[in-house]
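# Breakdown of the fold
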Amino acid sequence: EEILILKALYTKIILKNRLEIGKLRKWSDIFFKTEELAKKLRMFNILCRIYGIAVSCADFYESNKEREEVCMQAISLAQKCGNKTRLASLYHNMGMINMEAGNSETAFNYYKKSKQLKIKIGIKNEIARVYNGIGYEFMIMEKFKESLSSFESAFEYLKYEKEYSEIMLTIYNIAIVN
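What you see is a predicted model; the values in this text were computed from it and never measured. (Residues numbered from 1 in each chain as written. Predicted model: local features only at pLDDT ≥ 70, side-chain atom pairs only at ≥ 80, totals over all residues. Heavy atoms only, no water.)

## Quick notes on the packing of helix H2 (residues 28–40) against helix H3 (residues 44–55)
Two quantities define a packed helix pair, namely the angle between the helix axes and the distance between the axes. Relative orientation of the contacting elements H2 and H3 amounts to 155°, with a least axis distance of 9 Å. Overall, the two elements H2 and H3 adopt an arrangement that is roughly antiparallel. In this structure, the crossing between H2 and H3 has a hand that is left-handed. Contacts from Phe31, Thr34, Glu35, Ala38 and Lys39 of H2 reach H3 at Ile46, Leu47, Ile50, Tyr51 and Ala54. (Axes fitted to C-alpha atoms, helices over the stretch in contact; angles between N-to-C directions. Helix = DSSP H or I, 4+ residues; strand = E, 2+ residues; numbered from the N terminus. Parallel < 35°, antiparallel > 145°, perpendicular 65-115°, else oblique. Left-handed = near helix turned anticlockwise from the far one by under 90°. Contact = heavy atoms within 4.5 Å.)

Listed below in structure tokens is the structure:
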């Protein structure tokens, strides 16, 4: 019975995250119940996924340091589980966390790790997300030529995909730096 409850809670988190992006604090009770049950049942892939959602919500944790610690914990879990898809996403999250903290070099290193793993796996829309992240970092650094090149690379990966929100973001990014 607990496994069914966990699946229901996990599904609810995934849906809420899609419908209410960045508002994890609003439904943190569901998050903590899911986390507790996933730990109890040793469902580490679910923990990796919900931690990935949590660290992508900048205001969920009290500090950037706490976000980084949770993300590193999730990276460790993903490595132990051999979950390369989740690991690639968590590297991307670490890139974003470091970018927000102003640690550009560390952010680029994590984006690079994420990109390499996503290319190896072959998930085109995820590769595009990395290029968008790198392009955004270049844009903040006012390296507009490099930024545009990254956004154009993202667009190349999205040409035949139906990931409309990422396509829209990429086109918007290209428009900003042009």
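Next comes the rest of the write-up.
## A word on the pattern of salt bridges
In a structure, side chains of opposite charge can pair up when their charged atoms sit close to one another. Applying the stated criterion to the full structure yields 9 salt bridges. Of the charged contacts, one joins Arg129 and Glu126 as a salt bridge, the two residues approaching to 2.7 Å between their closest N and O atoms. Here Arg129 and its partner Glu126 are both found in helix H7 (residues 124–140), 3 residues apart, which amounts to about one turn of the helix. The structure contains a network of salt bridges with shared partners spanning Lys118, Glu126, Arg129, Glu163 and Glu166. (Salt bridge = Lys/Arg side-chain N within 4 Å of Asp/Glu carboxyl O.)

## A few points about a nonpolar patch on the surface
A contiguous nonpolar surface patch, about 270 Å² in accessible area, is contributed by Tyr136, Ile140 and Met141. Along the chain, Tyr136 turns up in helix H7. Judged by relative accessible area, Tyr136 falls into the partly exposed class, the value being 38%. (Patch = residues over 30% accessible without salt bridge, like charges linked within 9 Å, V, L, I, M, F, W, Y side chains within 5 Å. Areas by Shrake-Rupley, 256 points an atom, 1.4 Å probe, with all protein chains shown as cover. Buried < 20%, exposed > 50% of the residue type's maximum accessible area, 1.4 Å probe, protein only.)

## Digging into the nonpolar core
If you look at soluble globular proteins, the nonpolar side chains tend to sit buried side by side. In terms of nonpolar packing, the biggest core is built from 34 residues, with Phe31 and Tyr51 touching the most fellow members. It is H3 that contributes the most residues to this core, 8 residues altogether. Residues contacting Tyr51, with those up to four places away along its chain left out, are Phe31, Glu35, Lys39, Val70, Gln73, Ala74 and Leu77. Among the nonpolar cores identified, the runner-up in size contains 7 residues, and Met99, Ala107, Ile134 and Phe138 belong to it. (Core = buried A, V, L, I, M, F, W, Y, C linked by side-chain atoms within 4.5 Å.)

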